[in-house]
Structure formats: C-alpha cells, structure tokens
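# Report on the structure
Letter by letter, the chains look like this.
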Amino acid sequence: MAVNTVQLQDQADLLRRGMADLRAEDLELAMLLDAEVERQHRTLSLVPSSCAVKPRTLAASASALVNVTAEGTRGSRHRAGCENVDRVESLAIGRARELFDAHYAHVQSHSGSHANAQVLSALLEPGDTLLGMAPDHGGHLTYGSPSIFTGAYYKAIRYGTTAEGLIDYAQVRSLALAHRPRVILCGASAYSRVVDFERFRAIADEAGAILLADISHIAGLVATGRHPSPINAAHVTTTCTHKQLGGPRGGLILCGRDAHTKVPGLRATFSRVLDQAVFPRMQGAPAVNMIAAKAAALGYAMTAEFDACMGRVRSLADELAGAFLARGYEVVGGRSENHTVQIRLRDGISGSIAEVALESCGIVVNTHRVPGQARACAVDNGLCIGTGSMAQRNIDTDGCRQVVDLVCRILQQVTPLGEHEYRLEPAMQAQLRAELEHLCAKYPIADYWES
Ligand SMILES: *Cc1c(COP(=O)(O)O)cnc(C)c1O
C-alpha cells in the first residue's frame, strides 16, 4: 500500500486538522474558542499582567509533545522516548539562562504559584518563618496568605508599603531582625515602583535569611534591562511565564551566583534542592508542550521587537500616570517606575463598580486596595492598571490620551447606588462601548499577531 505523504505529516497539519475537526464535530466548543478571540480583538485589557502570546507560542503549546510522558529532566529522565523532549527542554533552559544571565534555570513548573511553592518547600520546614509582602499591600497570595498553603504550613510575617506606596524597607529590616525568617520573599502583584533587590539582600544577609525574588510581573522589564535584575542579588528567583514574558501558563525557577553554593543548613546546593523540589517532590511529569511554548516565548523575548515593546510598556506607564494626574486623579506615589499605575477611585465609586462598569464598555481592569483604606472595608478603593496590552497594540501617545479620556468619562457617567450597584444610562454605555471598539480597531491586536 502506498504511504500517504501529504496528510497529517507534521505539526502544521495536526493544528489545521484539529481546528477543522472542532468546527465539523464540536461546534459548541469551536464557537466558544472563536468567541474568545473576538473578545480579545474588541476589548482593551488594562490588567497589569495581561499579555497576548504570539501565534508561534500558541502553536508550540498545542504541539504533539503533549503526548510524551517525561518524568525527570534531561540527563536523568525516567522514561524512554524522550530524545526530542530532551532537546526542547535544553533549548528552553539555555534560552532562560541567556535571557536572564542565570547560572541555573528550571523550566518545568506548571505555574508561578507552583514555582513559589516548590522553592519554599525546598528551603523551609513546616513551621519555619517566612517574611513576604502583605497581599493587601500588593503581595501575591503565595506570600503567606492565611487561605493558601504558605499561610497554613509556615509562620508568615508580612511587610507593607508606606502611604506613598513604597515598600517600607525599614519595616522589612526590623521584622527580619525581630523574627529571623528563614526566607524573605520580595516581589509583588500590585506595585508601581522599582524593587530594590540589593537592599533586600543586605537585609537578608544581616538577618541570616535566604532571599527569594518573584519577578512574575516585571520579568520582561528585567530581561530587557529596564528594571534591575535580582538574579545575582537573590539566592533564587521565580517568575511565571504568561505575564510580561508573553509565554504559556507556567513558571521558571532561576539562580545566579548562588546556584552552586550550599543552602544554609543543608548539605546540598541550591540547584540540587530546587531540581528535587520540582520533581519528584511537587510535580510528576512535566507539560513538555508548555516547555516548548516557553522556549518559543523566551526566543521571542530576545528579539529587538520584544525590546521595543517593553520600551513602550515603560513609556506608556509614564504617560498614563501623567494623564490621570492631569485629570485630577490621585496616582499612588505620584508616578510609575514599571508597567503599573495605581489610581485612587473617587466620587463614591468602589472598585467593584468601576470594574463592572468599565467592562460593560469593553475595558478590563483590576481593582486594588490603595494605601489609606480602612482595613475593615471589604471593597477596594482603587484601580491597578498596566500597559502590557496597550504596548502590544502599539498604542501611541495620542491613543493613550484617548484611553484615559474614555476611562474617566465612563467613571463620570456612573452613578453609584451603594457599594456594588450603579446606574449607567444604556444609550451612554452603548456609545462609550462603540468608542472603545473604534479605538481597538485603530490599534489592532492583529498587527501584533501578524508582526
Ligand atoms: C501572577 C503571579 C504569580 C503566579 O501566578 P500563577 O497564576 O500561579 O502562575 C506569582 N507571583 C506573582 C507576584 C504574581 O503576580
């Protein structure tokens, strides 16, 4: 029988066939997938972490590597059939090390939260003390929130920010010296200033603590030299790959100069305990297709195009902060030094009202608790907005002004009727939505996908 050489021979065939099969045999799901692409075209995300992946990254994540079970890592694989997997993983590791100038990279963590959990489980015994940024001051839930494993297994001490929204380094130092944590965690989900990693390391050294830096939100700025790198300042650095790095859902664990030094109190090196923390302690077989997608994203992150995009991320944040200030809004700290701008809501509009009202007009935001809010208050009083998606859409100074103008007009048109209820005239809402869609069409995300 003749071998059919045209059908389903390679990755591209499989992807085409997959979409055709979904359309033909599972229209319900196919329509939902298309609806999401449509939503991404027609809405503007101002969520600080939001980022669209390149089609090449999407394709790698949907590759046939998904069929391979590959416990272990290259060189110590517990399975046969891993020749391509080994090469893909080596590529991802090499690119992660090159991009961040790291001596060690682990690319298997399924998410940023997993990467943090893996590092913490490698370095802490249950009951040990962890010092991290309080979630209501911008820290991530994995930094010791009572509702998360870190809060349940470790004694979590929290530091916060000053009224200007700056990390209170004096508080970090006094807490570190008073509680002698085994690990100090620096990094944040909602913070608009530069994190001083060297200062954190000095505090960690003084207190005899290990420093873990989490750069999930700023990895692109770090990779392109627009934010100081923690790679050598911290003992260990983690990041998720799906925020500024524009990769798939996943995490990375990185080490610089401390990669091959012994973990204080243990006989093994950081690289060794981290390897074992990922597998077998916390994960089974890696998602190799996602490792391929990480490699694709890390490769793209080394291009001049990515560098230019991160340049826009920074300059748009300055413009955004300036435009909100010019509109009379309070910007926490008066400015931004990264990709986020935090503004205080006013006129009785709560975070939850702002979120729903803005989304009804096609603008997606994160709400946030900005400094000065009473702790007992359940409703956020601010917005934490970011410029990642605006930069990918190539929004310029003029477009940035239009975005701020639209946000302000939507908030002005809202009449709050309590903490969660509000009124927005339907005709006005429809008009604002049409203006937003016009803006999205003028700065199409498709240009980014096609570039
Ligand atoms: C998003 C984020 C993470 C990880 O998130 P996952 O969704 O679990 O990948 C970790 N740390 C910080 C600071 C983050 O913002």
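The name given to the protein chain in an unreviewed UniProt entry is Serine hydroxymethyltransferase, with Pseudomonas fluorescens as the source organism.

## A closer look at the sheet that holds strand β5 (residues 129-133)
Hydrogen bonds between backbone atoms are what pair the strands of a sheet, whose relative direction is either parallel or antiparallel. Spatially, 7 strands are ordered β4-β10-β9-β8-β7-β5-β6 in an open sheet, and the strand pairing comes out mixed. Each having just a single partner strand, β4 (104-106) and β6 (155-159) make up the two edges of the open sheet. Each strand axis lies, on average, 20° off the axis of its neighbour in the sheet, ignoring direction. In terms of strand pairing, β5 meets strand β7 (residues 183-187) through 2 bridges, oriented parallel. By the bridge assignment for β7, leucine 131 is matched with isoleucine 184.

## Brief notes about the packing of aromatic side chains
In the structure shown here, the tally under the stated rule is 7 aromatic pairs. Judged by centre distance (5.9 Å) and plane angle (80°), the rings of tyrosine 300 and phenylalanine 306 are edge-to-face. With respect to class, tyrosine 300 is no different from phenylalanine 306; both count as buried. Aromatic ring contacts, followed pair by pair, group Phe149, Tyr153 and Tyr154 into a single cluster. Above the plane of the ring of tyrosine 448 lies lysine 54, whose end atom (NZ or CZ) is 4.3 Å from the centre.

## A look at the pairing of strand β8 (residues 210-214)
For β8, a buried count of 5 out of 5 residues is recorded, marking the element as mostly surrounded by other parts of the structure. Neither face of β8 is exposed, since Ile210, Leu212 and Asp214 on one face and Leu211 and Ala213 on the opposite face are all buried. Here β7 pairs with β8 via 5 bridges, running parallel. Pairing of glycine 187 across the sheet is with aspartate 214, part of β8. Following the backbone out of β7, through helix α8 (residues 197-207) and into the adjacent parallel β8, one traces a crossover that is right-handed. Taken together, the 3 bridges between β8 and strand β9 (residues 236-240) define a ladder with parallel strand orientation. Along β9, the bridge assignment pairs aspartate 214 with threonine 238.

## Here we look at the side chain of histidine 217
The residue histidine 217 is located in the loop between β8 and α9 (219-223) in this model. Apart from the residues lying within four places of it in its own chain, the contact partners of histidine 217 are Pro48, Ser49, Ala188, Ser189, Lys243, Gln244 and His339.

## Quick look at the domain arrangement of the protein chain
Structurally, the protein chain comprises domain 1 (66-300) and domain 2 (304-450). Relative placement of domain 1 and domain 2: their C-alpha centres are 29 Å apart. Of the residues lining the interface, 21 residues belong to domain 1; the matching set on domain 2 comes to 22 residues. Buried surface at the junction of domain 1 and domain 2, summed over both partners, amounts to about 2000 Å²; 52% is from carbon and sulfur atoms. Contact with domain 2 buries area across many residues of domain 1, yet Ser192, Arg193 and Tyr300 alone supply 33% of it, more than any other trio.

## Comments concerning helix α12 (residues 304-326)
Between its first and last C-alpha atoms α12 spans 33 Å; for 23 residues at 1.5 Å apiece the expected length is 33 Å, and the two agree. Among all positions in α12, only Phe306, Cys309, Met310, Val313, Arg314, Leu316, Ala317, Leu320, Ala321, Ala323 and Phe324 are buried. In this structure, the buried residues of α12 make contact with α9, α11 (288-300), β11 (340-344), β14 (382-386), α14 (388-392) and α15 (397-413). At the C-terminal side of α12, glycine 328 shows a positive phi close to 85°.

## Comments concerning the site of the ligand
For the ligand, the set of nearby residues contains 14 residues, the closest of which are Gly112, Ser113, Ser189, Asp214 and Lys243. Between serine 216 and the ligand, the recorded distance is 3.4 Å, taken from a side-chain N or O atom to a nitrogen atom. Contact between the ligand and histidine 217: an oxygen atom at 3.5 Å from a side-chain N or O atom of the residue. Contact with the protein chains hides 87% of the accessible area of the ligand, taken as 380 Å² for the molecule alone. Broken down by element, the residue count for the shell around the ligand peaks at 3 residues, all from helix α5 (residues 112-123). Looking at the shell around the ligand residue by residue, the classes come out as 3 nonpolar, 9 polar and 2 charged.

Thresholds applied
Residues numbered from 1 in each chain as written. Predicted model: local features only at pLDDT ≥ 70, side-chain atom pairs only at ≥ 80, totals over all residues. Heavy atoms only, no water. Pairing = 2+ DSSP bridges. Helix = DSSP H or I, 4+ residues; strand = E, 2+ residues; numbered from the N terminus. Axes fitted to C-alpha atoms, helices over the stretch in contact; angles between N-to-C directions. Phe/Tyr/Trp six-rings, centres within 6.5 Å; stacked < 30°, edge-to-face > 60°. Buried < 20%, exposed > 50% of the residue type's maximum accessible area, 1.4 Å probe, protein only. Lys NZ or Arg CZ within 6 Å of the ring centre and 35° of its normal. Right-handed = clockwise from strand over helix to strand, strands pointing away. Contact = heavy atoms within 4.5 Å. Domains from an automatic or database assignment. Buried area = accessible area lost by both parts, 1.4 Å probe. Expected span 1.5 Å × (residues − 1). Near = heavy atom within 4 Å. Polar contact = N/O pair within 3.5 Å; in protein donor to acceptor, adjacent residues only side chain to side chain. Areas by Shrake-Rupley, 256 points an atom, 1.4 Å probe, with all protein chains shown as cover. Nonpolar A, V, L, I, M, F, W, Y, C, P; charged D, E, K, R; others polar.

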